[in-house]
There are 2 protein chains.
Amino acid sequence: MKVQPRTLSGFMELLPREQMLMEKMMAVLRETYAAYGFAPLDTPVIEASEVLLAKAGGETEKQIYRFSKGDSDLSLRFDLTVPLAKYVALHYNELPFPFRRFQIGKVYRGERAQRGRFREFYQADIDIIGDGKLDIANEAEIPAIIFQTFSRLGLRRFQIRVNNRKILNGFYAMLELSEQAGDIMRTVDKLEKIGPEKVAQLLTGELGVPQQAADEILRFIAIRGGNAGVLQALEQYRGRNALFDAGLEELATVVKYLSAFGVPEENFAVDLTIARGLDYYTGTVYETTMLDHPEIGSVCSGGRYDNLAEYYTNKILPGVGISIGLTRLFFVLNEQRMLNADCCAAAADVLVLPMTADLSPAIALAARLRETGLRVQLYTEKKKFHAKMNYADRLKIPYVVFLGEDELSAGVVSCKDMASGEQTKLAYDETLARIQAGLARKYSGTVIRTEE
Amino acid sequence: MKVQPRTLSGFMELLPREQMLMEKMMAVLRETYAAYGFAPLDTPVIEASEVLLAKAGGETEKQIYRFSKGDSDLSLRFDLTVPLAKYVALHYNELPFPFRRFQIGKVYRGERAQRGRFREFYQADIDIIGDGKLDIANEAEIPAIIFQTFSRLGLRRFQIRVNNRKILNGFYAMLELSEQAGDIMRTVDKLEKIGPEKVAQLLTGELGVPQQAADEILRFIAIRGGNAGVLQALEQYRGRNALFDAGLEELATVVKYLSAFGVPEENFAVDLTIARGLDYYTGTVYETTMLDHPEIGSVCSGGRYDNLAEYYTNKILPGVGISIGLTRLFFVLNEQRMLNADCCAAAADVLVLPMTADLSPAIALAARLRETGLRVQLYTEKKKFHAKMNYADRLKIPYVVFLGEDELSAGVVSCKDMASGEQTKLAYDETLARIQAGLARKYSGTVIRTEE
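Scoring rules and cut-offs
- Residues numbered from 1 in each chain as written.
- Chains lettered and ligands numbered in written order.
- Predicted model: local features only at pLDDT ≥ 70, side-chain atom pairs only at ≥ 80, totals over all residues.
- Heavy atoms only, no water.
- Least-squares fit on C-alpha atoms with pLDDT ≥ 70 in both.
- Contact = heavy atoms within 4.5 Å.
- Buried area = accessible area lost by both parts, 1.4 Å probe.
- Salt bridge = Lys/Arg side-chain N within 4 Å of Asp/Glu carboxyl O.
- Polar contact = N/O pair within 3.5 Å; in protein donor to acceptor, adjacent residues only side chain to side chain.
- Helix = DSSP H or I, 4+ residues; strand = E, 2+ residues; numbered from the N terminus.
- Nonpolar A, V, L, I, M, F, W, Y, C, P; charged D, E, K, R; others polar.
- Buried < 20%, exposed > 50% of the residue type's maximum accessible area, 1.4 Å probe, protein only.
- Pairing = 2+ DSSP bridges.
- Phe/Tyr/Trp six-rings, centres within 6.5 Å; stacked < 30°, edge-to-face > 60°.
- Lys NZ or Arg CZ within 6 Å of the ring centre and 35° of its normal.
- Axes fitted to C-alpha atoms, helices over the stretch in contact; angles between N-to-C directions.
- Left-handed = near helix turned anticlockwise from the far one by under 90°.

**Description of the relation of the copies chain A and chain B**
Then, in step 1: Take chain A, turn it by 180°, move it 0.0 Å along the axis, and it overlays chain B with an RMSD of 0.1 Å. What the rotation and shift describe, once combined, is the action of a two-fold rotation axis. Across chain A, the smallest distance between a C-alpha and the rotation axis is recorded for phenylalanine 67 of chain A, namely 3.0 Å.

**Side note on the interface of chain A and chain B**
Then, in step 1: Each side of the interface is counted separately: chain A has 98 residues, and chain B has 98 residues.
Then, in step 2: Both sides together, the interface formed by chain A and chain B hides about 8,400 Å², and carbon and sulfur atoms give 58% of it.
Then, in step 3: Measuring nitrogen to oxygen at the nearest pair gives 3.8 Å for the salt bridge that ties arginine 370 of chain B to glutamate 141 of chain A.
Then, in step 4: Seen at the junction of chain A and chain B, the total is 43 residue pairs in polar contact (both at pLDDT 80 or more).
Then, in step 5: Considering each element in turn, the side of chain A that touches chain B owes the most residues, 7 residues, to helix α1 (residues 16-35) of chain A.
Then, in step 6: Taken together, the residues of the side of chain A that touches chain B break down into 57 nonpolar, 15 polar and 26 charged.

**Here's the deal with the environment of valine 263 of chain A**
All names here are of chain A.
Then, in step 1: In this fold, valine 263 is placed in the loop between α11 (242-256) and β8 (268-270).
Then, in step 2: Sequence spacing of valine 263 and isoleucine 160 is 103 residues, and the spatial spacing of their C-alpha atoms is 9.6 Å.
Then, in step 3: In this view, valine 263 contacts Pro143, Ala144, Phe147, Leu258 and Phe268; residues no more than four positions away in its chain are not counted.

**Section: the pairing of strand β12 (residues 350-354) of chain A**
Residues and elements named next belong to chain A.
Then, in step 1: Of all 5 residues making up β12, 5 are buried, and the element is well covered by its neighbours.
Then, in step 2: Here β12 shows a buried face lined by Val350, Val352 and Pro354 and a second buried face lined by Leu351 and Leu353.
Then, in step 3: Bridge count for β12 against strand β13 (residues 376-378) is 3 bridges, and the pairing is parallel. Note on β13: the bridge partner recorded for valine 352 is leucine 378.
Then, in step 4: Relative to strand β14 (residues 399-403), β12 is paired through 5 bridges, and the arrangement is parallel.

**Quick word on the environment of leucine 439 of chain B**
Residues and elements named next belong to chain B.
Then, in step 1: Inspection of the secondary structure assignment puts leucine 439 in helix α17 (residues 428-442).
Then, in step 2: As for leucine 439 and tyrosine 36, which are separated by 403 residues in sequence, their C-alpha atoms are 29 Å apart.
Then, in step 3: In this view, leucine 439 contacts Asp349, Leu374, Pro398 and Tyr399; residues no more than four positions away in its chain are not counted.

**Describing the packing of aromatic side chains**
Then, in step 1: Within this structure, the stated rule accounts for 35 aromatic pairs over all chains.
Then, in step 2: Ring geometry for tyrosine 237 of chain B and phenylalanine 244 of chain B: centres 5.8 Å apart, planes at 50°, overall tilted. We note that tyrosine 237 of chain B, like phenylalanine 244 of chain B, is buried.
Then, in step 3: Ring pairing ties together the aromatic residues Tyr65, Phe67 and Tyr108 of chain A together with Tyr65, Phe67 and Tyr108 of chain B, which thus form one cluster.
Then, in step 4: Over the ring of phenylalanine 38 of chain A we find arginine 100 of chain A, and its NZ or CZ is 4.5 Å from the ring centre.
Then, in step 5: Of note, lysine 69 of chain B hangs over the ring of tyrosine 65 of chain A, and the distance from its end group to the ring centre comes to 5.3 Å.

**Remarks on the packing of helix α6 (residues 165-174) of chain B against helix α7 (residues 181-188) of chain B**
All names here are of chain B.
Then, in step 1: Two elements in contact, α6 and α7, have axes whose closest approach is 11 Å; the angle formed by their N-to-C orientations is 115°. The two elements α6 and α7 meet at a crossing, and its hand is right-handed. Each of Arg165, Leu168, Asn169 and Tyr172 in α6 lies in contact with α7, whose residues at this interface are Ala181, Ile184, Met185 and Val188.

And the structure:
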């Protein structure tokens, strides 16, 4: 009696060639984060429920994978932020601040199963945590990291949208609408979907905002005109609220340093409609959208917060961070056929086929090729030649090298370029040079196909 | 009221500098496995209990993290082999065979908490799975991969010990002790600990093995004398049992190809006392010991098996694989101070300190350095100079670069080598060249300190 093999619904399990692409994406993220001096972190998947759920409530708590083992009440992490807060509170005395860490890890949420929704998924987070204070320059650096990350992945047509919560909170304070600010921001957030008239109706109707204030809000969120233009337009509000003024200074600083950080104007926009949730963020907030795929929503979001670990410690630990929902991003890119199998989907560069009874010469050849940095698979199954070539083809291995008695006595190797079909019989060095040149062309691409 | 932050006992959570070393070890494993054409695989941490426990029983089952979510009976994986079996059975039609995969992932066992014992730990596995058949050359390749892996990590004094289960099973069949073979092997396994006299006593006493057979067993496991010598000594048994003869052919083949695979004699030994469990393995078996730390036991083990996925499918899927218990290996190496913090423990190569009110020049300098491939952290907190240097020192960042008004007007940058204390004031290109040369020396080491 066999057990039917299956993978749980909501759990991504990729075929090898897809997995290669996912690994490539992760490698690009790791390299980019490392380039900015972020240290990798790896916290447990399981935490004590009491620790993990110190803050959680409502929808999140229902989704938690929570269970007992012996006397212990355990939960699987549902994000990487709470474990970070625990980590920093626990190891506070051993960490130099600012503490810059990245973590790429699986998190768990028992959501309703749905196509494209995952219960186990990777998040890729970076955070910079200060001890008591954290300079605004860190908030200015984040768009540079987002820009580098998506550029290295291969995207061109994306935009990092930035706002500042102090500006929003200060603005609503000017209108004496602080208490309703949360509801108003949620309504304003629908602007792109439902248009300004509907937003105005909801504000004056459901939310009871006075007509004059609603007009002010609509004028405010309609501010456009490039980064300098938006900053200029915001100047007219200066002097009416200290928090607003502080936010405007911060936003101006973030914009000021953009070019030094190497972020092109076209990949960045001040956008006053962005709010990012309600309580957590207190300064700069970020969203990132793919211009040709707005339906995907933000692919990298985050912001500045004032107190990372307040549930665990009295230390004030302000920070700024961003998160990429990697599993969902991969799923969407794969669906849209935006991933570049050419560059990254083969697990080997060369398949070596021994054609002699004694495998030693082929084994030695594979070892020699490997020493140059190539990924080389030795194929030793006793199959027909056609089956062996078919194997290379299915695995998309770009080169097949054969070594028979003829080649051995002539001091050459045979090599087939699987893409062009061209077959050569050349000395080792020449064969290697051809392979290396071909691979350099092949692997020059990025993991996401670059849009024209 | 604060919640006390804590990490569960039996769950490894490293400080940043230790984590860097762990990441370096993982990177070496990934690169080495990739060099042999293994594809990365990533299966879910959670599986349906019915699937995961199709085979398990006894001790393993008690250790499983098993729980319900909604109507589902779920378990956390306790190794990477069962998920591989499921994967291959499930995706059989989409996989070209031989299927070579590596997986480095966390597994879970609720063992009794104990120093150096982990409940969440990484395994790093490679397997080669055939469809119906798998050539013996694959078994010969495994020692080459083990050798490369530990060499690249930095170890020199290690030995890969190899045996063949067919030889053992054939030998016990000759003695008409097949039914007791399991108990006998478990007793023989104690040879190094308790010595040959005690082994003989146990065999003839508890196990009731006839004196003559016990003598034969002791003579057999005492066979020594280098690989050629052991093979020669085994020849005397040839012709008495077909399984034994087949095993001897296989072992001779594995030994024959060693030098072509680049495995030095001193890192390899045929060892007739190695058995590796009882039922699962059917051909070549492997253990790897650190010669100066025999107390650690085998750091990389595995072998040939005939039927990976028999609980899920009627397909015959023979394979060969090895596994490294990475978390435990890291723990031991760290305890023994065998890890090389110099090469791999800093998260940045350069710390850039702006010394001007306008950060733009320092930001641009950091970006420029980063473009050369350096990992560069920009430090923008408003602290005393001493505190900034102390920060670099605590993070073991090897170079600090400053840019003040003086440097800007002179067209130079100041740079301090944190190891030597030497400080220079040179043009950008010269500074970069000094940093690159210094880092090349620093990073030439391996993650495990190479023994003299």
